[in-house]
Amino acid sequence: MQVRVVVKGRVQGVFYRNWTVENARELGLKGWVRNRRDGSVEALFSGDPNSVNDMQERCRRGPPDALVTSFQVFPSNDDPGQGFERYPTV
């Protein structure tokens, strides 16, 4: 299963990307996470459907200092790469 998510709210400057990398690697997912110039965070999760669903639930809450106000999920065919990476802002 593979999805792209866009998370909005207080999600930059609260270690959301690092937290996402740690959680995704813990779940054995491939993909990436990056900040967007509009203040949101975007991520691609690829792997076992149960793990992808678990990651989505974790991201709806985020790390302790985050405040998620919007969470969107889209199907994706993007290349997830070999591991889970943190990318720069786009």
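Residues numbered from 1 in each chain as written. Predicted model: local features only at pLDDT ≥ 70, side-chain atom pairs only at ≥ 80, totals over all residues. Heavy atoms only, no water.

Novice: Any details on the packing of helix α1 (residues 16-26) against helix α2 (residues 49-61)? Residues and values, ideally.
Specialist: For the pair α1 and α2, the least separation of the axes is 10 Å and the interaxial angle reads 155°. Classified by the angle their axes make, α1 and α2 are roughly antiparallel. For the element pair α1 and α2, the recorded crossing hand is right-handed. On the side of α1, the interface is formed by Y16, W19, T20, N23, A24 and E26, while α2 contributes M55, R58 and C59. Considered class by class, the residues forming the contact of α1 with α2 number five nonpolar, two polar and two charged. (Axes fitted to C-alpha atoms, helices over the stretch in contact; angles between N-to-C directions. Helix = DSSP H or I, 4+ residues; strand = E, 2+ residues; numbered from the N terminus. Parallel < 35°, antiparallel > 145°, perpendicular 65-115°, else oblique. Left-handed = near helix turned anticlockwise from the far one by under 90°. Contact = heavy atoms within 4.5 Å. Nonpolar A, V, L, I, M, F, W, Y, C, P; charged D, E, K, R; others polar.)

Novice: Tell me about the UniProt feature "active site" (unreviewed entry) in the protein chain, and name the residues and values.
Specialist: Here the UniProt feature "active site" (unreviewed entry) sits at R17 and N35. Despite a sequence span of 19 residues, these residues sit close together in the fold, their greatest C-alpha distance being 7.6 Å. Summarising the element assignment, R17 is placed in helix α1. Among the residues examined, R17 registers a relative accessible area of 14% and is labelled buried. (UniProt positions renumbered as here; feature names shortened; annotations may be inferred. Buried < 20%, exposed > 50% of the residue type's maximum accessible area, 1.4 Å probe, protein only.)

Novice: Lay out the side chain of S76 in plain terms, naming residues and giving numbers.
Specialist: Residue position: S76 is located in the loop between β4 (67-75) and β5 (84-87). A residue is classified by how much of its surface remains accessible, and S76, at 11% relative accessible area, is buried. From its side chain, S76 meets the backbone nitrogen of D78 in a polar contact 3.1 Å long. Those residues in contact with S76 that lie beyond four places of it in its chain are Q2, V3, R4 and L44. (Polar contact = N/O pair within 3.5 Å; in protein donor to acceptor, adjacent residues only side chain to side chain.)

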